[in-house]
Amino acid sequence: MVVKTTDKTVTGRVTDANTNEPLAGCSVVIKGTQKGTNTDANGAYTLAVPDDKAVLVFGFIGYEKQEIIVGARNSVDAVLKSSASDLAQVVVIGYGSTTKKDMTGSVKSLKTTDFNKGIINSPEQLLQGKVAGVNVTSASGEPGGSQSITIRGPGGVRTGSTPLFVLDGMALDNSGTGGAINPLTFLNPQDIESIDVLKDASATAIYGSRGANGVVLITTKKGKAGFSNLTFSSSVGISTMSRPLKVFTADEYRKQVPAVGGVLDDLKGNTDWQKEVTRTAYTQNHNLSFGGGADKLTYYASLGLQNQEGILKSSQLNRYTGRINVNQKLMNDRLSIDVNLNASFTQNNRPPYGAMLGGAISANPTYPAYDDKGQPYQYASGVNPLITLKLEQDITKTNRVIGNISPSFTIIKGLVYKLNFGIDNSNSVRDLQSLPNAVPLQDGRLETIYQYNNNKLIENYLTYTLNQTDHSLSALVGHSYQKIFLQGRSNSINKFPISTIEPIYNPGLGQDLTLANNKPGGYAVVNELQSFFSRVNYQYKDRYLMTATVRADGSSKFGSNNKYGIFPSFSVGWRLSEESFMKSLPFSDLKVRAGWGKTGNQEIPSKITQALFTSQVSGTTSYPLYATGAYAPGTSYSRLANPNIQWEVSTQTDLGIDFGLFNGALSGTIDYFSKLSNNILLEVIPADPVQPAGTFWTNVQDMTIKNQGLELELNYRYIGSTGLRFDIGGNVTFIKNKVTNSPYSVIPSGSASGSGLTSATINGYINEQPIGTFYLKQFTGFDDKGISTYLDADGDGLITDKDRVAAGSALPTKQFNFNGSVSYKGLDLVANFNGVSGNKIYDNTANANFYKLRLSKGINTTAEAIASTNESVNNAAPVSTRYLKDGAFFRLNNLSLGYNLNTKALGINKWVSGIRVSATAQNLFVITKYNGYDPEVNTDRTINGISSYGIDYLSYPKAKSLIFGLNVTF
């Protein structure tokens, strides 16, 4: 006969061992079950247990877990000890993990509580300003727009600076997935548990060729055994343009046009065209997640929806995501299987914002925006930007599924085999539509671009661990194979009749099918990587640390003579705080580190090591048989084979100190680094004039790019006995970049845009100068006729391109970030600031639009255009340092106020374990001398694959946002 027992109710309080402060949100779980609860704002809990033998497990982030048997008591209090200075914090390091105290490389780990708040589209935004040596630049304010992220400076000419992103062990390809959207937008930030940034070569070398620009490891949330919960979060954001350009108002325009000798065309309007093309934008973000499990099976699943309007009309990003992570243990826990699966759909609607903004800042403000019928006003001179908005559309729809399965099997004690098999598959369709229209006249066009990306990864590795009294050893050996397939196709059709049916919905209405105007296009690329890697970690007496890594990478991009590169690294650490002679000092942690290593780079076009042929007949592709007459038909080389191209290599040295004082209340890190890239991959002009091609790819062996700098990080934490807690911290990075031994006096980059500027370049890679250097004529003022004058740098009496000078760089020499938080019981306030200095911005927008000549022709400008009274109205504005500006800024990135409600006081704690309400302000203010839309800008003006930096041309304006959020946990 079964006797039914009655549950026993246990109450208690959980506090901090050092301060006696109550710990709100601490989990209290009955061991071996999924039954549990969380403590309230006063650290109190109530839980029904089956009997006196029940064991309560108390767990809280940053504290050591504690287990207590209930016994005959009805009240069980717990006192948790802090994990000293978070030294026991687990850090993901690639193909494994370690604790913060045992790291010998330069690694920074961020948890969910450290992330930036606000409207977040991609993981780069979560860590902006949080990691020393990492510079994240939002290239534009567009929803889903690209993010530029640099770890310890760029090290290549055409490789950019994007690090390797690894999602739950799956190495992602940095190729775009279609349209102009950031490829990482597919990932829901709400699903991310932690982000670990590997900065130096001793940490990144385990990824070999992919780690030259650093590695960002993203770990998503997992279920926890013995505890289950359901969380719903929702937020609504309101965004407006942060800093409109100060073009003339209608009244100012009426005054200034005649003043410069122009003919005023006044239609009696009073239009703020920037207001007309922008709007108050709304963002909705809703997420539902649930997780839990027992000892053998844990799970986490989520659904997410984000609909974000851009501040420019018709700009919108919609993202829908689903994720499931499962862990299953079998065979007495010898076999553990991890499965991670993420599916997403994004739709990105982009207006022609370059044309819209260009029209809005130059349109006559005395023209009305709409006619008496409520339609965009059609005026004779120029095009109403609202008509451009109505006629042009760019829509990209992307489906992406990424998943991996990672079973691990314990062969014998300490020896574990792990398999990691993953697939990343994306498909996108991009429609570029121009509607047919009578005034202004256009025939209408539809171009459709299909893109397919497939990334497959399979890895096998063995890990052996040995722990003895004084010795600890971990050894890893493995193999990796990755195959990336990229394919694109495009087609188009012209000349649509004016009708209510848009071309995107019925392309068959198009009447121009000629190949001359609508030739199909396409491409396909296959890249393969095969790697062998190993790593050894050794510790002696928990104070002497050593890590050695070597990886051999083979790439299909290189020729038969140099397919493989060997990338070793070595690092050591000494935990001085564990030495007996340090015990009398106030250090809770003191560790010195030193590391050295090499990483490779293979970011060159595919197949360039192979010969290429052409059968075209022309003066540049064929050979004449006679002095006169037609060129003979046939097949000839357009590129010779080059099997000798090899890996570009970055060698990095890192010296670091990690310290903690006063029981970890004060902690910090100091790092000196030096990164030298050589064997630079470059497309050069052949020395031999008898060549079938004008350029060829090679390694420039003597050319180097050096990044050298110092990183400082400091954090202070105070926990008071009354419940008051505050944290304050920040980091500063000092960095210098220099190019040496380039075979060219200048490698041009940064194409200028605007009338009369299209053949000009702005950036240049120059010997003894940083990457991103502005190579320009030096503006010196105006002559007696009001015409611009420039420095005659070579002294030949003529102003030519030879007079251009290095005028500063777009790369900041200092990066500084500050953050602080204060909490009292259920109330908390968090602020994050970030900034840079030592960098410049080229204002191509002002160069193309804001000068006196344009105002005299009835085109609106700013006060900057007429600032020089002695400038002639006929003076042109070529590319020069006249439009080179200071790019330094200091920004309040986000400010968040939150409150955790006391669910027990509300009488709902049996059903709801936590309720949090919050208000977040994003981009509240920025202090800067730059007078463009925003100083944090980097319009892509690449020339022939050579990366450009620090150019602003009609960039999507940044928004100022206010977000209200609700989070409920059941």
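Residues numbered from 1 in each chain as written. Predicted model: local features only at pLDDT ≥ 70, side-chain atom pairs only at ≥ 80, totals over all residues. Heavy atoms only, no water.

1. Some details on the overall build of the protein chain
For clarity, the cut-off: Every helix listed is a DSSP run of H or I at least four residues long, and every strand listed is a run of E at least two residues long, numbered separately from the N terminus. Throughout this description, buried means an accessible area under 20% of the type-specific maximum (1.4 Å probe, protein chains only), exposed means over 50%, and partly exposed covers the range between. Throughout, a contact is declared for two residues whenever any of their heavy atoms are within 4.5 Å. All accessible-area figures derive from a Shrake-Rupley calculation using a 1.4 Å probe, and residue coverage is judged against the displayed protein chains alone. For the charge count, each Lys or Arg is scored as positive and each Asp or Glu as negative, with His and the chain ends excluded. Every charge is mapped onto a representative atom, which is NZ of Lys, CZ of Arg, CG of Asp or CD of Glu.
Looking only at helices and strands, the protein chain has nine helices and 51 strands in total. If you line up the protein chain on its principal axes, its C-alpha atoms span 105 × 70 × 60 Å. When each of the 970 residues of the protein chain is scored for burial, the buried share is 52%. Across the protein chain, contacts joining residues at least 24 apart in sequence account for 69% of those joining residues at least 6 apart. When the accessible area of the protein chain is evaluated, it comes to approximately 42200 Å², of which 57% is carbon and sulfur surface. Separation between the mean location of the 88 positive side-chain charges and that of the 76 negative ones in the protein chain comes to 4 Å.

2. Notes on the pairing of strand β36 (residues 704-719)
What counts, and what does not: Only when DSSP finds a minimum of two bridges between them are two strands counted as paired.
In this structure, strand β33 (residues 666-678) lies alongside β36, joined through 12 bridges in antiparallel fashion. Following the sheet pairing, S667 is matched in β36 by N715. In this sheet, strand β37 (residues 724-740) lies alongside β36 in antiparallel orientation, the contact comprising 16 bridges. By the bridge assignment for β37, E713 is matched with N731. Hairpin connection of β36 to β37: four residues between the antiparallel strands, including G723 at a positive phi of 105°.

3. Digging into the sheet that holds strand β7 (residues 78-80)
Heads up, the rule is: Axes here mean lines fitted to C-alpha atoms, for a helix over just the part in contact, with angles spanning 0 to 180 degrees between N-to-C directions.
Read across the sheet, three strands follow the order β4-β1-β7 without closing on themselves; strand pairing throughout is mixed. Where the open sheet ends on each side, the last strands, each with one partner, are β4 (44-49) and β7. The average undirected angle you get between the axes of adjacent strands in this sheet is 30°. Note: strand β1 (residues 8-16) against β7, three bridges, orientation parallel.

4. Considerations on helix α5 (residues 353-362)
Taking burial as the measure, the 10 residues of α5 include eight buried ones, the bulk of the element. Inspection of α5 places Y353, M356, L357, G358, G359, A360, I361 and S362 among the buried residues, and these make up the whole buried set. Its buried side turned inward, α5 meets α4 (273-277), β21 (335-350), α6 (385-391), α8 (844-849) and α9 (852-856).

5. Looking at the packing of aromatic side chains
Put simply, the rule is: Paired rings are identified among Phe, Tyr and Trp, the last through its six-membered ring, by centres lying within 6.5 Å, and are further divided according to the angle between planes into stacked (under 30 degrees), edge-to-face (over 60) and tilted (the rest). Criterion for a charge above a ring: Arg CZ or Lys NZ at most 6 Å from the ring centre, at most 35 degrees from the ring normal.
Taken as a whole and assessed by the stated rule, the structure comprises 23 aromatic pairs. Here a set of aromatic residues connected by ring pairs shows up, and it is made of Y95, Y207, Y461 and F533. Cation over ring: R400 sits above F186, and NZ or CZ is 4.1 Å from the ring centre. Above the face of the F889 ring, R891 is positioned so that its terminal group lies 5.1 Å from the ring centre.

6. Some thoughts on the pairing of β1
The sheet contact formed by β1 and β4 spans six bridges and is antiparallel. By the bridge assignment, T9 is partnered in β4 with A48.

7. Concerning the side chain of T862
Tracing the backbone shows T862 in the loop between α9 and β47 (884-886). Look past the residues within four positions of T862 in its chain and what remains in contact with it is K246, V247, F248 and F850.

8. What to know about a nonpolar patch on the surface
Filter applied, for reference: Like charges are joined within 9 Å and nonpolar side chains (Val, Leu, Ile, Met, Phe, Trp, Tyr) within 5 Å, but only among residues with over 30% relative accessible area and no salt bridge; these make up the patches. Within this document, salt bridges are pairs made up of a side-chain nitrogen of Lys or Arg and a carboxyl oxygen of Asp or Glu, the two lying within 4 Å of each other.
Together, Y716, Y718, L724, I728, V822, Y824, L827, L829, L897, Y899, V917 and L966 make up an exposed nonpolar region whose accessible area comes to about 970 Å². Listed by contribution, the elements that provide at least two residues to the nonpolar patch are β36, β37, β44 (814-824), β45 (827-837) and β48 (889-901). Mapped onto the secondary structure, Y899 falls in strand β48.

9. What about the pattern of salt bridges?
One pass over the full model with this rule turns up 36 salt bridges. Between R543 and E579 there is a salt bridge; the shortest N-O distance is 3.3 Å. Pair noted here: R543 is in the loop between β26 (521-540) and β27 (544-555) and E579 is in the loop between β28 (564-575) and β29 (587-601), with a separation of 36 residues, a long-range link. Here E936 makes a salt bridge to R891, at a shortest N to O gap of 3.0 Å. Highlighted residues: E936 in the loop between β49 (914-928) and β50 (951-952) and R891 in strand β48, separated in sequence by 45 residues. One exposure class covers both E936 and R891, and it is buried. Sharing partners across several salt bridges, the network here consists of R152, K199, K591, R593, D654, D658, D671 and E711.

10. Here's the deal with helix α3 (residues 250-259)
Heads up, the condition is: When we speak of the arc, we mean the arc of directions from the helix axis to the C-beta atoms.
Within the sequence span of α3, burial applies to A250, Y253, Q256 and V257. Axial view of α3: buried residues confined to an arc of 125°, hence all on one face. Of the residues in α3, the exposed ones pointing more than 90 degrees away from the buried face are D251, K255 and A259. Lining the buried residues of α3 we find α9.

11. Observations regarding the nonpolar core
Definition in use: By convention a nonpolar core is built from buried Ala, Val, Leu, Ile, Met, Phe, Trp, Tyr and Cys residues, the set being connected through side-chain atoms within 4.5 Å.
Counting residues in hydrophobic clusters, the biggest one holds 55 residues, and the most contacted among them are V157, W273, L682, M703, I762 and Y842. For this core, the elements supplying multiple residues, two or more each, are α4, α5, α6, β34 (680-684), β39 (761-765), β40 (773-776) and α8. Examining the composition of this core, we find that five residues originate from one element, α5, more than from any other. Setting aside anything within four residues of it in sequence, one finds Y842 in contact with I762, F774, L776, N847, P878, V879, S880, Y883, L884, G950, I951 and D952. Core analysis: the next-biggest nonpolar cluster, separate from the first, contains 24 residues, L127, V136, I151 and L184 among them.

12. So, the sheet that holds β40
Pairing is antiparallel across the open sheet formed by four strands, whose spatial order is β38-β39-β40-β43. In this open sheet, the two edge strands, each paired with only one partner strand, are β38 (747-751) and β43 (805-809). Neighbouring strand axes in the sheet, compared pairwise and without regard to direction, differ in orientation by 40° on average. Two elements, β39 and β40, share two bridges in a ladder whose sense is antiparallel. When the sheet's bridge partners are listed, N763 is paired in β40 with F774.

13. Considerations on unusual backbone geometry
Of note, the bond from V439 into P440 is cis; its omega dihedral lies within 30 degrees of zero at -5°. Tracing the chain through its elements places P440 in the loop between β23 (415-434) and β24 (445-467). You will see that K495, though not glycine, has its phi angle at about 60°, which is positive. On the accessibility criterion, K495 (42% relative accessible area) is partly exposed. The residue N923 is not glycine, and still its phi comes out positive at about 60°. Overall, N923 belongs to the buried group, its relative accessible area being 6%.

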